[in-house]
Amino acid sequence: MIRLVRPDAVLVQAVIAGALSFAHLHDLAEAAGQDGWKAWAYPVSVDLLLVAAWHRLRTLRDAGEPSRSAWSWFAVALVASLGANVATAGLLDLGDVPDWLRILVAGWPALAFLGGTLLAHSPTPPSRPEPEPDPAPLPVVERDTEPDAEADALPALPAPAPAPTVTAPPALVAHAQKIAADHRTRTGSDIDTETLRARLGVPPPLAEAIAAQLT
């Protein structure tokens, strides 16, 4: 079964309005001395600036940032489009366009290029992260304050025996001093324990004992 596609009235209206505005801009540019392909480029330039300004406006509004600059360029493009519609409605003699209008039409490409560049290369503000919900409070567990008889009956654990002291041979310390002096000459900084251990090839406790005697 074939389903008929129902046209969207808003979309049809937008296409009609865009086509009429496009034609009016072309007619005005042609009357102002922009013939050939240049007359067709003017409506494209105005519409692209409108779209770029509207897209930038929505981006700034979604990020909660000021959008005054985007509104300004949107208003400039909108005035250019509305001005062409009004000018070609019979209020202006297209056979004898005034000089000030010729100047405006001739200067539009530079203005549109400036607006498009500022809109495209302005930094986009980062989106604000949503606040994370507070973690649920942990349940409070009440503990018995009475002494535990079984815990009191347990014998006390013996204290851990102290670690044996590592003593470095004097010859190894002297060799380490030469290595540390060479490292300081080459790098300008004191040698660390890990580098000293790798150069001497000794275990970490012995390297730490030697490094302690170097300082």
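The coordinates are above.
Since we're looking at a predicted model, the values are computed, not measured.

(A) Quick look at the layout of surface pockets. Considering only enclosed or pocket space, the largest pocket measures out at about 450 Å³ in volume. Lining the largest pocket are 20 residues, with Leu 28, Ala 80, Leu 101, Leu 104 and Val 105 positioned closest to its centre. Listed by contribution, the elements that provide at least two residues to the lining of the largest pocket are α1 (9–31), α2 (37–62), α3 (68–91) and α4 (99–121). The greatest single-element share of the lining of the largest pocket, amounting to eight residues, is contributed by α4. Of the residues in the lining of the largest pocket, the class split is 18 nonpolar, two polar and no charged.

(B) Quick peek at the nonpolar core. Of all hydrophobic cores here, the largest spans 25 residues; its most connected members are Leu 49, Val 105, Trp 108 and Leu 119. Counting only elements with at least two residues in this core, the list comes to α1, α2, α3 and α4. Ignoring sequence-local partners within four residues, the contact set of Leu 119 consists of Leu 49, Ala 52, Ala 53, Arg 56, Ala 70 and Trp 73. Ala 168, Ala 180, Ile 191 and Ile 210 belong to the second largest nonpolar core, which has 13 residues in total.

(C) Structural view of the environment of Pro 170. Within the secondary structure, Pro 170 sits in helix α6 (residues 170–187). The class of Pro 170 is exposed, set by a relative accessible area of 69%. With 40 residues separating them along the chain, Pro 170 and Ile 210 place their C-alpha atoms 9.5 Å apart.

(D) Focus on α2. With 26 residues, α2 ought to run about 38 Å at 1.5 Å a step, and its terminal C-alpha atoms sit 38 Å apart, in line with that. Buried within α2 we find Ala 39, Tyr 42, Pro 43, Val 46, Leu 49, Leu 50, Ala 53, Arg 56, Leu 57 and Leu 60. Contacts from the buried residues of α2 go to α1, α3 and α4.

(E) Representation of the packing of α2 against α4 within the structure. It is at 10 Å that the axes of α2 and α4 come closest, and there the two elements cross at 25 degrees. With respect to α4, the element α2 is oriented roughly parallel. Between α2 and α4 lies a crossing whose hand is left-handed. Side by side, α2 and α4 meet where Tyr 42, Ser 45, Val 46, Leu 49, Ala 52, Ala 53 and Arg 56 of the first sit next to Val 105, Ala 106, Trp 108, Pro 109, Ala 112, Gly 115, Gly 116 and Leu 119 of the second.

Criteria and thresholds
Residues numbered from 1 in each chain as written. Predicted model: local features only at pLDDT ≥ 70, side-chain atom pairs only at ≥ 80, totals over all residues. Heavy atoms only, no water. 1 Å grid on protein atoms, 1.4 Å probe; cavity = no way out; pocket = protein on both sides within 12 Å on 5 of 7 lines; lining within 4 Å. Points joined across faces, edges and corners; volume = space filled by probe spheres on them. Helix = DSSP H or I, 4+ residues; strand = E, 2+ residues; numbered from the N terminus. Nonpolar A, V, L, I, M, F, W, Y, C, P; charged D, E, K, R; others polar. Core = buried A, V, L, I, M, F, W, Y, C linked by side-chain atoms within 4.5 Å. Buried < 20%, exposed > 50% of the residue type's maximum accessible area, 1.4 Å probe, protein only. Contact = heavy atoms within 4.5 Å. Expected span 1.5 Å × (residues − 1). Axes fitted to C-alpha atoms, helices over the stretch in contact; angles between N-to-C directions. Parallel < 35°, antiparallel > 145°, perpendicular 65-115°, else oblique. Left-handed = near helix turned anticlockwise from the far one by under 90°.

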